[in-house]
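Here is how the chains run, residue by residue.
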Amino acid sequence: MARPELVCLADFEKYACKVLPKNAIDYYRSGADGEITLYDNVKALSRWQILPRVLRDVSTVNMQTTILGHSITFPVCVAPTAMNKMAYPTGEAAAAQAAASVGIGYTLSTISTSSIEEVAEAAPDCLRFFQLYIYKQRNITRQLVARAENCGYKALVLTVDTPFFGKRLADNRNKFKLPPHLKMANFEKLDFTGSGMNQAQKQSGLNEYASSLFDPSLTWSDIDWLKSITKLPIVLKGILSAKDAHIAAEKGIDGILVSNHGGRQLDTVPATIDVLPSIISSVSGRCEVYLDGGIRCGTDIFKALALGAKVVFIGRPVIYGLAYDVSQ
Ligand SMILES: Cc1cc2nc3c(=O)[nH]c(=O)nc-3n(C[C@H](O)[C@H](O)[C@H](O)COP(=O)(O)O)c2cc1C
Ligand SMILES: CCCCCCC(=O)C(=O)O
């Protein structure tokens, strides 16, 4: 198919909708339940207005910044997204290479289709973080942490908004499963492949996988446990409440990623940009604060930074970029 010139992220999304199989694009695009939060992330960003000042000499602009002490060329990093090989054959490895090519950070999902080691090998110079789910079998988490440390990942991004898996209606309708040629790549070496997801199922295989393996009993004491098994900085991903942000800062967490999981977990929670100011004020500089959810253009980034975020993360647009397949 002839590829049109794409000039904004919305164009990439439209293109991905045309070329990806339904099972894949529905999984990538959808949110939980009525998708209220999914759409509100974008709408809320558009509601905040920019009041420009003038005559400020902007002839030199430098967007370079740091995250956890590491330099990046502009204040954007890639959020963890699972199962990227449904969009492009080398999946997460290709996304990390793309991040490295523009000098930004990349976060690898636990549920990736390229392994921790593959991504490190494909993009050795990329500033890489590893996203973690805590498994009921703690030894699985412990081994993932050790592998990420050995492969030079610079931080752990612990997702704390997934005690139960979001009810994604599109995935349920599709009875989502990973295509048989793909694997949850981080588990091949652990005698644990997650292949349960490909067995006969009534609804989305994601629900079954997550509810059988992720630990819904996590509390703040598990953060102490995680700190005890790693020297890497820890970022908590999925905080929306200023009270939780305060506890995280008290616990000595290195970063907070204000996130509602791109509207894929609990529906009708607030848009991330709307809770950012209260979180910034509650943390009062004790740790770095980042934001994701609906960031689609430069003005979105500007608003998040103006309201106190140090860096923003983007999720879906990176997958849509993979689907564009520049090699064709
Ligand atoms: C297809 C997809 C898979 C995702 N997988 C994960 C994951 O494995 N771990 C995680 O913490 N968040 C995951 N997320 C959430 C993203 O990290 C991020 O919070 C969200 O996508 C940001 O919103 P945006 O897509 O509007 O930029 C996923 C999101 C999408 C769209
Ligand atoms: C296989 C079950 C877990 C998938 C986790 C990916 C994820 O977080 C998402 O939003 O999808």
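Conventions adopted
- Residues numbered from 1 in each chain as written.
- Chains lettered and ligands numbered in written order.
- Predicted model: local features only at pLDDT ≥ 70, side-chain atom pairs only at ≥ 80, totals over all residues.
- Heavy atoms only, no water.
- UniProt positions renumbered as here; feature names shortened; annotations may be inferred.
- Helix = DSSP H or I, 4+ residues; strand = E, 2+ residues; numbered from the N terminus.
- Buried < 20%, exposed > 50% of the residue type's maximum accessible area, 1.4 Å probe, protein only.
- Contact = heavy atoms within 4.5 Å.
- Areas by Shrake-Rupley, 256 points an atom, 1.4 Å probe, with all protein chains shown as cover.
- Core = buried A, V, L, I, M, F, W, Y, C linked by side-chain atoms within 4.5 Å.
- 1 Å grid on protein atoms, 1.4 Å probe; cavity = no way out; pocket = protein on both sides within 12 Å on 5 of 7 lines; lining within 4 Å.
- Polar contact = N/O pair within 3.5 Å; in protein donor to acceptor, adjacent residues only side chain to side chain.
- Pairing = 2+ DSSP bridges.
- Axes fitted to C-alpha atoms, helices over the stretch in contact; angles between N-to-C directions.
- Near = heavy atom within 4 Å.
- Sits in = over half its atoms within 2 Å of the grid points.
- Nonpolar A, V, L, I, M, F, W, Y, C, P; charged D, E, K, R; others polar.
- Points joined across faces, edges and corners; volume = space filled by probe spheres on them.
- Phe/Tyr/Trp six-rings, centres within 6.5 Å; stacked < 30°, edge-to-face > 60°.
- Lys NZ or Arg CZ within 6 Å of the ring centre and 35° of its normal.

Per an unreviewed UniProt entry, the protein goes by the name (S)-2-hydroxy-acid oxidase and belongs to Paralvinella palmiformis. As stated in UniProt under Cofactor (unreviewed entry), the record for the protein gives "FMN".

Re the overall build of the protein
Across its full length, the protein holds 13 helices and 10 strands. C-alpha extents for the protein along the principal axes are approximately 65 × 55 × 40 Å. Each of the 328 residues in the protein was classed as buried or not, and the buried ones make up 54%. Pairs at least 24 apart in sequence give 70% of the contacts found in the protein among residues at least 6 apart. Carbon and sulfur atoms provide 56% of the accessible area of the protein, an area that totals close to 15000 Å².

A look at the nonpolar core
In terms of nonpolar packing, the biggest core is built from 85 residues, with Ile111 and Tyr135 touching the most fellow members. Setting aside chain neighbours within four positions, we find Ile111 in contact with Ala82, Met83, Tyr133, Tyr135, Met184, Phe187, Tyr209 and Phe214. Formed by 14 residues, the second largest nonpolar core is a distinct cluster that contains Leu68, Ile72, Cys77 and Phe313.

Regarding the UniProt feature "binding site: glyoxylate" (unreviewed entry) in the protein
Taking the UniProt record as the reference, the feature "binding site: glyoxylate" (unreviewed entry) is found at Tyr27, Tyr133, Arg168, His261 and Arg264. Filtering the just-named annotated residues for those lining the largest pocket gives Tyr27, Tyr133, Arg168, His261 and Arg264. Relative to the helices and strands, His261 is located in the loop between strand 8 (255–258) and helix 11 (272–283). You can call His261 buried: its relative accessible area is 12%. Discounting residues that sit within four places of it in the chain, His261 has contacts with Tyr133, Thr159, Asp161, Thr162, Arg168 and Lys237. Locating Arg264 in the fold gives a position in the loop between strand 8 and helix 11. For Arg264, a relative accessible area of 9% gives the class buried. In terms of polar contacts, Arg264 uses its side chain to reach the backbone carbonyl oxygen of Tyr27, at 2.9 Å.

Some points on helix 13 (residues 316–324)
Summarising burial for helix 13: 8 of the 9 residues are buried, a large majority. Buried residues along helix 13 sit against helix 1 (9–19), helix 2 (22–29), helix 3 (36–47), strand 3 (76–78), helix 4 (91–102) and strand 10 (311–314).

Quick notes on the sheet that holds strand 7 (residues 234–239)
Spatially, 8 strands are ordered 3-4-5-6-7-8-9-10 in a closed barrel, and the strand pairing comes out parallel. Ignoring strand direction, the axes of neighbouring strands in this sheet form an average angle of 30°. Pairing of strand 4 (residues 105–108) with strand 5 (residues 128–132), which is carried by 3 bridges, proceeds in the parallel orientation. In the sheet register, Tyr106 faces strand 5, and the bridge partner there is Arg128. Running over the sheet, helix 11 touches strand 7, strand 8 and strand 9 (288–292) and is turned about 175° from strand 9.

Regarding the site of ligand 2
Taken together, 13 residues surround ligand 2, and among them Tyr27, Tyr133, Arg168, His261 and Arg264 come closest. With respect to ligand 2, the side chain of Tyr27 contributes an N or O atom lying 2.6 Å from an oxygen atom. Contacts to ligand 2 include Arg168, whose side-chain N or O atom sits 2.8 Å from an oxygen atom. Its free accessible area being 340 Å², ligand 2 has 95% of it covered by the protein chains. With respect to the pocket detection grid, ligand 2 is positioned in the largest pocket. Partitioning the shell around ligand 2 into residue classes produces 10 nonpolar, 1 polar and 2 charged.

Considerations on empty space enclosed by the protein
All told, the structure shown has 1 cavity of 30 Å³ or more when counted by the stated rule. Space inside the largest cavity adds up to approximately 30 Å³. If you go around the largest cavity, the residues you meet are Ile67, Leu68, Phe129, Ala155, Val157, Val235, Tyr290 and Phe313. Across the lining of the largest cavity, the residue classes break down as 8 nonpolar, no polar and no charged.

Topic: the packing of aromatic side chains
What the rule picks out here adds up to 10 aromatic pairs. Taking the centre distance of 4.3 Å and the plane angle of 20° together, the rings of Tyr133 and Phe214 count as stacked. Taken as a pair, Tyr133 in the loop between strand 5 and helix 6 (138–150) and Phe214 in the loop between helix 8 (205–213) and helix 9 (220–229) lie far apart in primary sequence, 81 residues in all. Classification of Tyr133 as buried rests on a relative accessible area of 9%. Through successive ring pairs, a cluster of aromatic residues spans Tyr133, Tyr135, Phe187, Tyr209 and Phe214. The ring of Trp225 carries the charged tip of Arg138 above its face, separated from the ring centre by 5.4 Å. Just above the ring of Tyr27 sits the side chain of Arg264; from NZ or CZ to the centre is 4.8 Å.

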